[in-house]
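# Residue-level structure breakdown
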Amino acid sequence: MIETRDLTKTFDNFTAVDSLNLKIEKGEFFGLLGPNGAGKTTTISLLSTLLLPTKGEILIDGQQLTRQRPDLKRKISVITQEYSMRQDMNMDEIMEYQGRLYFMPRKQIKERTEELLEFCDLLKFRKRTVRKLSGGMKRKLMVCRALLTDPEILLLDEPTAGMDALSRRQMWNLLRKLNEKNLTILLTTHYMEEAQSLCNRVALMDHGKLEEVSTPSALIESLGAYAVDEMTADGTQNHYFHTRQEAIRYLEELTGQASLRETTLEDVFVERAGKHLISK
């Protein structure tokens, strides 16, 4: 389990993470959502010990995480937004280099590499250098590299940024399979469909503060499960209803162009996070 207690990070007079209290259960797929500058990436950096907290603490299975606890740090792997891999190395070399950083025996590196490349459907591309890989293949290779040490927690910072729709869906399927193996996953994303599809629970953040934690379905239900999109001279107006019958009755009274659909987590973000948070 991951727990943060009053976790705070300040840079000079700027507070990036402000007294964050969060609990993520073992085996959970958890999402951090919020506008740019909400503190999501800083939180990931604190959990990976890349940054040290100004105050507060992080607990992993009840024990305080510090840079002096390699046993706890080994439980965590992180995948950043950037492609942080040597462009002239092939997949086998990337994996071997990572294993040597963690002093893994060569035989174990070879066995895990074979297993992970096969799991991510990359075996047939293993001799390609990184510069010749597609964006989706690079992301998959970063997942393989992160899993080499058999971590219990995977931190993902915008893992599908820049991917095309097909590659993004392939990555979703891969992450689901990993989570089914009881891997705890913490995800930051700007793709609300991604969070709705993958996460058991999500947290809304803004200006470093935790706004709300709930399931995607509960957040959607609180706004209204059905949406009527009304086309007006000022643009599209969205109206939300808790039952389909209410939405249909409203739709029937409209004289202009309109459509009925199910509400999504993106609607929640725009209505409850977007408008509310931006207005602060």
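Parameters at a glance
- Residues numbered from 1 in each chain as written.
- Predicted model: local features only at pLDDT ≥ 70, side-chain atom pairs only at ≥ 80, totals over all residues.
- Heavy atoms only, no water.
- UniProt positions renumbered as here; feature names shortened; annotations may be inferred.
- Helix = DSSP H or I, 4+ residues; strand = E, 2+ residues; numbered from the N terminus.
- Domains from an automatic or database assignment.
- Contact = heavy atoms within 4.5 Å.
- Buried area = accessible area lost by both parts, 1.4 Å probe.
- Salt bridge = Lys/Arg side-chain N within 4 Å of Asp/Glu carboxyl O.
- Polar contact = N/O pair within 3.5 Å; in protein donor to acceptor, adjacent residues only side chain to side chain.
- Nonpolar A, V, L, I, M, F, W, Y, C, P; charged D, E, K, R; others polar.
- Core = buried A, V, L, I, M, F, W, Y, C linked by side-chain atoms within 4.5 Å.
- Buried < 20%, exposed > 50% of the residue type's maximum accessible area, 1.4 Å probe, protein only.
- Pairing = 2+ DSSP bridges.
- Axes fitted to C-alpha atoms, helices over the stretch in contact; angles between N-to-C directions.

A separate point is the UniProt feature "domain: ABC transporter" (unreviewed entry) in the chain. Feature annotation in UniProt places "domain: ABC transporter" (unreviewed entry) on residues 2–232, given in this structure's numbering. Between the end C-alpha atoms of residues 2–232 the distance is 47 Å, and the span holds 35% helix and 29% strand.

For the chain, the assigned domains read domain 1 (1–214) and domain 2 (217–276). For domain 1 and domain 2, the distance between their C-alpha centres works out to 34 Å. Each partner contributes residues to the interface: domain 1 has 10 residues there, and domain 2 has 9 residues. Among the residues domain 1 hides against domain 2, the three largest losses belong to M192, Q196 and L204. Together they make up 53% of the total. Where domain 1 meets domain 2, there are 0 salt bridges. Taken together, domain 1 and domain 2 are joined by 1 residue pair in polar contact (both at pLDDT 80 or more). For the side of domain 1 that touches domain 2, the elements supplying multiple residues, two or more each, are α7 (192–198) and β10 (209–214). For the side of domain 1 that touches domain 2, a count of residues per class yields 5 nonpolar, 3 polar and 2 charged.

In a soluble, globular protein the nonpolar side chains are often hidden away together inside. Residues L122, L141, L154 and L178 are the most contacted members of the largest nonpolar core, which totals 50 residues. Ranked by residues supplied to this core, first place goes to helix α5 (residues 135–147) with 7 residues. A domain-level breakdown of this core finds at least three residues from each of domain 1 (1–214) and domain 2 (217–276). Among residues more than four places away in sequence, those in contact with L122 are M91, L117, M137, K140, L141 and C144. V17, L22, L65 and L155 belong to the second largest nonpolar core, which has 22 residues in total.

Our focus in this paragraph is helix α1 (residues 40–47). Among the 8 residues of α1, 7 are classified as buried, and the element is accordingly described as predominantly covered. Turning to α1, its buried residues are K40, T42, T43, I44, S45, L46 and L47. Phi turns positive, to about 65 degrees, at T49, one or two residues after α1.

Let's shift gears to the sheet that holds strand β12 (residues 235–241). Spatially, β12-β11-β13 is the arrangement adopted by the 3 strands of the open sheet, whose pairing is antiparallel. Sheet topology places β12 and β13 (258–262) at the edges, where each strand pairs with a single neighbour. When strand polarity is set aside, the average angle formed by the axes of neighbouring strands in this sheet is 25 degrees. Where strand β11 (residues 226–232) lies against β12, 7 bridges are found, and the strand directions are antiparallel. Across the sheet, T232 pairs through a bridge with G235, a residue of β12.

All right, on to the environment of H239 then. Examined against the element boundaries, H239 turns out to sit in strand β12. You can call H239 partly exposed: its relative accessible area is 22%. Sequence separation between H239 and N173 is 66 residues, and the spatial gap between their C-alpha atoms is 33 Å. Aside from chain neighbours lying at most four places away, what touches H239 is Y226, A227, V228, E230 and Y250. Of note is the side chain of H239, whose polar atom sits 3.4 Å from the side chain of Y250.

Tracing the chain through its elements places N90 in the loop between β6 (76–79) and α3 (91–101). Overall, the relative accessible area of 11% leaves N90 in the buried class. Within the structure, N90 has its side chain in polar contact with the backbone nitrogen of D92 (distance 3.1 Å). There is a polar contact of 2.9 Å between the side chain of N90 and the backbone nitrogen of E93. Every residue in contact with N90, bar those within four places of it in the chain, is listed here: R126, K127, R128 and T129.

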